[in-house]
Every structure is written in C-alpha cells, then in structure tokens.
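Below, each chain spelled out in residue letters.
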Amino acid sequence: MNPPALTLHEAADLLRQRELSSKQLTAAVFDRIAATDDKVHSYITLCRDSALEQAKAADERLKQDQNSHPLLGIPLAIKDNFLTLGIRTTCASKILGDFIPPYDCTAISKIRIAGAVITGKTNLDEFAMGSSAENSAFFPTRNPWRADRVPGGSSGGSAAAVAADQCIAALGTDTGGSIRQPAGCCGIVGLKPTYGRVSRYGIIAFASSMDQVGPMTKDVRDCALMLEAIAGHDPADSTSVNRPVPPYSEGLTGDIKGLRLGIPKEYFVSGMQPEVEQALRQAVRLLEQNGAVIEEISLPHTEYAIAVYYIVATAEASSNLARYDGMRYGYRARGKDLTETYMLSRQEGFGPEVKRRIMLGTYVLSAGYYDAYYLKAQQVRALIKKDFEEAFQRVDAIITPTAPTTAFKIGEKTQDPLQMYLSDIYTISINLAGLPALSLPCGFDSDALPIGMQIIGKHFAESTILGVAYSYEQSTDWHKRKPQL
Amino acid sequence: MKLNREEIQRVAMLARLRLTAEEEERFTEQLDKILQYMDKLNQLDTSEVQPLAHAVDIVNAFREDKVTNRPNVDALLANAPARDETFFRVPKIIE
C-alpha cells in the first residue's frame, strides 16, 4: 500500500478497518511532499506539526466512533486564499505576505469539525487572478506531468498537490475556471458548485458575484464526499442559498440511461487542439453507449463571454481590492503623507497582473465609461445566462472540453495577457451564469498531458453532473494514471 | 487608440496605485489592446436587455443586529502594521 496515492474514500475505509491510522497516512503524505515538492512547488506553507496533532486527535475519534465523518483523519491541501485561523494566508501576494488570519473561513470550519487534517496552503495566481499559477508573488508551480508546463490556474497548487499525491484531496476556488482548468491540466476531478451552494465567508474576495469554493480530488466519489462536507447555507454569507444538501455520494449509481446531454456547437471551433477535440468526441460516444441521448445545442453568445467576464470580474476586483490600503492589515510602505502611503503600499504590494486588473476594473467603472463597458457587460451577461436557460429546456447537462489545449508551457503566455485570458474560453460563461460544472480527465495527448472534459449542469444540479462524471469514470481508467515524479 | 498615457495616470490615481514610467507605458499598450477586444460587445443590440448583476436569484438576508465580538480585539489588531493599545495607528489624515 502506498498511502499518499489513496483516494479519500479508500483512505476513509482503511482508517475504519484499522488497516491504517491517520498518523501513518499523514506522515506518509509529508514524506511524499518532502520527496517531490522541490520539483512541483505546490505548497506555499506546510503545517506538519499541527497536521500530525490533528491526525492523532482523529485516530482517537476513530477508535470511539466508527460512523464518524468520512473526512475524519484525511490530509487535505487548502488553496492559500482560504482564511485559516493561525496559519499564514498570503493569497500568493506580497501585500498579505505575513498575514495570519484571526478566524477560519466557513469551509475550513466545516472540514475542521469533520476532523480533516490540514497539510498546508497551496500556491495560486496572486489573488486568484490567472490561468497558470505563474502570477504567484513567490514562485510558479510546475505541472507534475511535465516540469516545463504550467499546472493551470489559479488553483494550480491544489491541482498539482492532488495529482502528485501530496495530499488526499484539496480545496480550491473558481471565479472563471480556477478549479476546472487546473483540474483539466493536471488530470484530476474539480468541481465548481452553483453560485451560493458553498459559503464564501472568509474566502479572500476576487469577484464576489462569481467566486465559489469547490473540491479538487482524485476521483468523482471523493468529489461528492467533499462537496457534502462543505456545502450548505451560512448566515455569514448573505449570498449562500438556504437549500438542503443532498447526499451526493449516495446518488452515484452510474446510471445515465435516457439522460439528455447537449454538445454546444459554438465550443468546437478553430483554436482547439485536435487531440482535445478527438478525446471529447470519444468521451461523448462512450456516454452515448452508457445510455445518454446526445443532442447538438447552441449557446449563441459564447464568443462574447471573455469580454463580459474581464469587464465584470475586474470591476468587482478593483472594488474588492480597495481594502488593501496598508492601514489595518497587510503591507504598509512609508509615504510622506496618507495618499502616498496608500499608493506606495499598493505599488510595492501588488504584482503586475493584479495591477493590470485593478486598472482595467477602475477604468470600466469610471465616470464616462460605466455605461459603455460595465453596464453593457451586465446586459450581455443576461444574454449568456439566457442561452443556458434555453439549452437546459432541452438537455439535462452540457458536455464541453475544459480548455482548448492541454497544459501550455511555462512562460508561453505571460507576455500577452489577452492570450492568457483566451485560455478560459470554455469555463468563464459558467461563472457568469452561476451554474455548477465539473472537470474530469478524458484522455492524454501525444505529450502525455491530461485532457479535461467539462460537464455543466442546471443551477443546484450537482447530483446530475456528478452522476454523468461517475458513469464516464466507471467506464475508463484515466483517473488511475499517475505522473512519474 | 482608446487609451492614452494621461488616461492611465488618471485611472491609476483613482485606484491609488503608483505606477513606474515603464508600467504606465506597458499598461497603456496592453489595456488599449484589451479594450479594443471588448468592443466586440457593441456588435450586440442590448437596448431591451435588463442588466444582470447576480446569476442566482437572491433576496435580502436579514439578521439580528447583535454584537458577537468575534474574533476579539487583540486577534484583529495582531495583523496591524502599527498599533497603539486597542487602536490602529495610521498616518495623519487631517492637517
């Protein structure tokens, strides 16, 4: 047995059968991190001592209660934009370089109560702004499958940690694809739940109308278990929705007979790597063999999604990031007066992509441009949402690639922000429409890099997309492949 | 050109962001290119479309206005760049 390579549900079973203790599992995960993280660079902060203590406490609880929560004693990696009480939380930014949160975000409170073990905080693009984890103020994370490739972003550290068996599962956030695109690049499962399904309380805000917390895991069952643990209404997040949390993992039957799946014709256009298209077409055939009914659909406003997103997201970000003024927490530079202190603190504290987005967001909200950009984008956002509503009158879920290409080379897109933005083409409209969507591995290209398939559902239909993903996963073994490190 | 250097300086001031001359030049060029790309939205007639701020129907969430004092003052001040007992110490605001 190689404990770090276990899935969450396998590890949970072994813990209950006394084949393995949480302490052994946690120690093995840290050995794996020590052996591999100088190649991958998934983690910004490691919490070895507290993790081993949590593991010891979990082992005590496991002795007393065999029906305890499936997350009990399981080592999880956390993206470094989740506030974690007493654990440095940087958001991969210099401006929060030594910030130690005075409280836990709700998602962390929930997994702590469940008894999960926190291994550490993973790397990301600064303030979750990016698609490659290269915008981190500290270091880029590398793709465990190939060291010259990005792991995707912004949750690149969490995705790489899962793929490299440096944790059992991880948490990420997704504003425009930040869970799904790195999951696709690293060959793991990543789910962005419906907007409002998981509390955002204590998540460092980027674009508040789209930010959402979600699981990043080794298989679909793990994804369902993690979602059950973190979903639910939270009075501290007024946008979290008060709906019961279904037992997602119990609903995984593998039966998709008669389920209608839509393939949007606008998503299969030029610019897609031929091997990605090929893998997708094969995956769709397999789903058809499993009983699904495939139908071509149209999402006519797809080509406007990137423009809308980079107006709405930067506008919200420029407003959210106004709080970093060097007064109450975070980095403070020395200016000759108050205004200069603000300006220098922000100049020295933020990296180039964050500045670019603050500038863009400030511009589109500024007097004279608000109607032309921000209001216009909100109107087109309504049209994009309507496209999905119409499609979902005919189909139960939508299948697309997660990204137009497999993981690109480190440095390939850093000089051209617009090219970087275009890599989010298939994930971004889902956040604009607030829908749930999942990425899972559906093949490998000739460079042995994973290819991701995205499954999009109706609002709060996480069960449906997990079911489709599970059916596919049961018929394939892509998720069992491991990178050589 | 949609953007010039003066405009970039105006926006940087609004955002309280000091930029180097090199950053001003690079952002002028990059943001100009991005804004030109965004112009594709003008291909759509949206005169009859209601703007959408949130994708999921959300109603006002009310709660009791009750003091919880969580986390406590010390925990909150622990990250302050400068503090004075139970206060944040900040540069002079009023001359």
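In this text the structure is predicted, and so the values were computed from the model without any measurement.

**Q** I keep staring at the overall build of chain B and nothing clicks. Help me out?
**A** Along its length, chain B carries three helices and two strands. Listing every helix and strand of chain B by position from the N terminus yields α-α-α-β-β. Across its three principal axes, chain B shows a C-alpha extent of roughly 55 × 45 × 25 Å. Going through the 95 residues of chain B one by one, you find that 18% of them count as buried.

**Q** What is the right way to look at the overall build of chain A in this model?
**A** Tallying secondary structure elements over chain A gives 15 helices and 11 strands in all. Its C-alpha radius of gyration of 21 Å places chain A within 12% of the 23 Å reference for a compact globule of 485 residues. Overall size of chain A, expressed as C-alpha extent along the three principal axes, is 65 × 55 × 45 Å. A total of 485 residues make up chain A; the buried ones form 63% of that total. The contacts in chain A between residues at least 6 apart in sequence include a share of 76% that link residues at least 24 apart.

**Q** Got a minute to help me understand the pairing of strand E4 (residues 169-174) of chain A in this structure?
**A** Within a regular beta strand, the side chains point alternately toward one face of the sheet and then the other, so they alternate between its two faces. All names here are of chain A. Among the six residues that make up E4, six are buried, leaving the element largely enclosed by the rest of the structure. Burial along E4 is two-sided: Ala169, Leu171 and Thr173 facing one way and Ala170, Gly172 and Asp174 facing the other are all buried. In the sheet, strand E2 (residues 75-79) pairs with E4 via three bridges, with the strands oriented parallel. Considered in E4, the bridge of Ala77 is made with Ala170. Pairing of E4 with strand E6 (residues 212-217) involves five bridges; the strand directions are antiparallel. Its bridge partner being in E6, Gly172 is matched across the sheet by Gly214.

**Q** Help me understand the packing of helix H7 (residues 220-230) of chain A against helix H15 (residues 462-474) of chain A, please; the structure alone is not making it clear to me.
**A** Residue and element names in this part refer to chain A. With their axes 9 Å apart at the nearest point, H7 and H15 run at an angle of 160° to one another. The angle between H7 and H15 places the two elements in the roughly antiparallel class. With respect to the hand of their crossing, H7 and H15 are arranged in left-handed fashion. In this structure, H7 uses Val220, Cys223, Ala224 and Leu227 to contact H15, whose residues at the interface are Glu462, Leu466, Ala469, Tyr470 and Glu473. In terms of residue class, the contact of H7 with H15 is made up of seven nonpolar, no polar and two charged.

**Q** Even after reading the chapter, I still don't get the sheet that holds strand E5 (residues 189-192) of chain A, so can you show me in this structure?
**A** Strand pairing in a sheet relies on backbone hydrogen bonds. The paired strands run either parallel or antiparallel. Residue and element names in this part refer to chain A. Within the open sheet, the 11 strands sit side by side as E1-E3-E2-E4-E6-E5-E10-E11-E9-E7-E8. Their pairing is mixed. Because the sheet does not close on itself, it has two edges, and the strands there are strand E1 (43-46) and strand E8 (293-297). Strand-to-strand, the axes of this sheet are offset by a mean angle of 30°, without reference to chain direction. Relative to strand E3 (residues 117-122), E2 is paired through five bridges, and the arrangement is parallel. Looking at E3, one finds that Lys79 is bridged to Thr122.

**Q** Quick question: what am I supposed to make of the interface of chain B and chain A here?
**A** In many analyses, interface size is given as the accessible surface area lost on bringing the parts together. Listed as interface residues are 41 residues of chain B and, on the opposing side, 55 residues of chain A. Elements supplying a minimum of two residues to the side of chain B that touches chain A: helix H1 (5-14), helix H2 (21-38) and helix H3 (73-77) of chain B. Looking at which element gives the most residues to the side of chain B that touches chain A, the answer is H2(B), with seven residues. In terms of residue class, the side of chain B that touches chain A is built from 30 nonpolar, five polar and six charged.

**Q** Whenever I open this one, H15(A) confuses me. Can you help?
**A** Count 3.6 residues to each turn of an α-helix, and residues three or four apart come out pointing the same way. The end-to-end C-alpha distance of H15(A) is 18 Å, a good match for the 18 Å that 13 residues give at a rise of 1.5 Å each. As for H15(A), its buried residues are in contact with H7, helix H8 (274-289), strand E9 (397-401), strand E10 (437-444) and strand E11 (450-457) of chain A.

**Q** So what exactly am I meant to see when it comes to H7(A) here?
**A** Residue and element names in this part refer to chain A. Extensive coverage of H7 is indicated by the burial of 11 of its 11 residues. Those residues of H7 lying buried are Val220, Arg221, Asp222, Cys223, Ala224, Leu225, Met226, Leu227, Glu228, Ala229 and Ile230. Note on H7: the residue one or two positions beyond its end, Gly232, has a positive phi of about 130°.

**Q** Looking at this structure, I do not really get the nonpolar core. What am I missing?
**A** Taken as a class, soluble globular proteins show a tendency for nonpolar side chains to be buried jointly. One finds A:Leu76, A:Val308 and A:Ile311 to be the most contacted residues of the largest nonpolar core, which totals 172 residues. The element that contributes the greatest number of residues to this core is helix H9 (residues 305-320) of chain A, accounting for 11 residues.

**Q** Looking at this structure, I do not really get the confidence of the model for chain B. What am I missing?
**A** Atom-level detail of predicted coordinates should not be read off regions where pLDDT is low. All names here are of chain B. Taken as a whole, chain B shows an average pLDDT of 91; of its residues, 99% reach a score of 70 or greater. Averaged over each element, pLDDT in chain B is lowest for H3 (89) and highest for H1 (96). We note a pTM of 0.97 for the whole complex and an ipTM of 0.95 for its interfaces.

**Q** Explanation requested: unusual backbone geometry in the structure shown.
**A** The phi angle of most residues is negative, glycine excepted, and most peptide bonds adopt the trans form. Residue and element names in this part refer to chain A. That bond from Gly153 to Ser154 is cis: its omega, 10°, falls within 30 degrees of zero. Inspection of the secondary structure puts Ser154 in the loop between E3 and helix H5 (156-163). Backbone geometry at Phe127 places phi at a positive 55°, although glycine is not the residue there. By the secondary structure assignment, Phe127 is in the loop between E3 and H5.

**Q** Whenever I open this one, the environment of A:Pro441 confuses me. Can you help?
**A** All names here are of chain A. Positionally, Pro441 belongs in strand E10. It is 6.1 Å that separates the C-alpha atoms of Pro441 and Trp478, two residues lying 37 residues apart in sequence. In contact with Pro441, other than residues within four places in its own chain, are Gly187, Pro450, Ile451, Gly452, Trp478 and His479.

**Q** Would you mind showing me how to read the environment of A:Met272 here?
**A** All names here are of chain A. Of note, Met272 is situated in the loop between strand E7 (260-264) and H8. A tally of 18 C-beta atoms within 10 Å means that Met272 is categorised as partly exposed. Spatially, the C-alpha atom of Met272 lies 10 Å from that of Ser423, the residues being 151 residues apart in sequence. Beyond its immediate sequence surroundings of up to four residues, Met272 is in contact with Glu277, Pro401 and Pro404.

**Q** I tried to follow the environment of B:Ala75 on my own but got confused; where do I start?
**A** Relative to the helices and strands, B:Ala75 resides in helix H3. For B:Ala75 and B:Lys40, which are 35 residues apart along the polypeptide, the C-alpha to C-alpha distance reads 48 Å.

**Q** I'm lost on the pairing of E2(A) in this one. Help?
**A** All names here are of chain A. When you tally the buried positions in E2, you get five out of five residues, the bulk of the element. Burial along E2 is two-sided: Pro75, Ala77 and Lys79 and Leu76 and Ile78, pointing in opposite directions, are all buried. Handedness of the E2-helix H4 (residues 106-114)-E3 crossover: right-handed.

Reading the values: the criteria
Residues numbered from 1 in each chain as written. Chains lettered and ligands numbered in written order. Predicted model: local features only at pLDDT ≥ 70, side-chain atom pairs only at ≥ 80, totals over all residues. Helix = DSSP H or I, 4+ residues; strand = E, 2+ residues; numbered from the N terminus. Buried ≥ 20, exposed ≤ 12 C-beta atoms within 10 Å, placed from the backbone. Rg over C-alpha atoms; globule rule 2.2 N^0.38 Å. Contact = placed C-beta atoms within 7 Å. Pairing = 2+ DSSP bridges. Axes fitted to C-alpha atoms, helices over the stretch in contact; angles between N-to-C directions. Parallel < 35°, antiparallel > 145°, perpendicular 65-115°, else oblique. Left-handed = near helix turned anticlockwise from the far one by under 90°. Nonpolar A, V, L, I, M, F, W, Y, C, P; charged D, E, K, R; others polar. Expected span 1.5 Å × (residues − 1). Core = buried A, V, L, I, M, F, W, Y, C linked by C-beta atoms within 7 Å. pLDDT = per-residue confidence, 0-100. Right-handed = clockwise from strand over helix to strand, strands pointing away.

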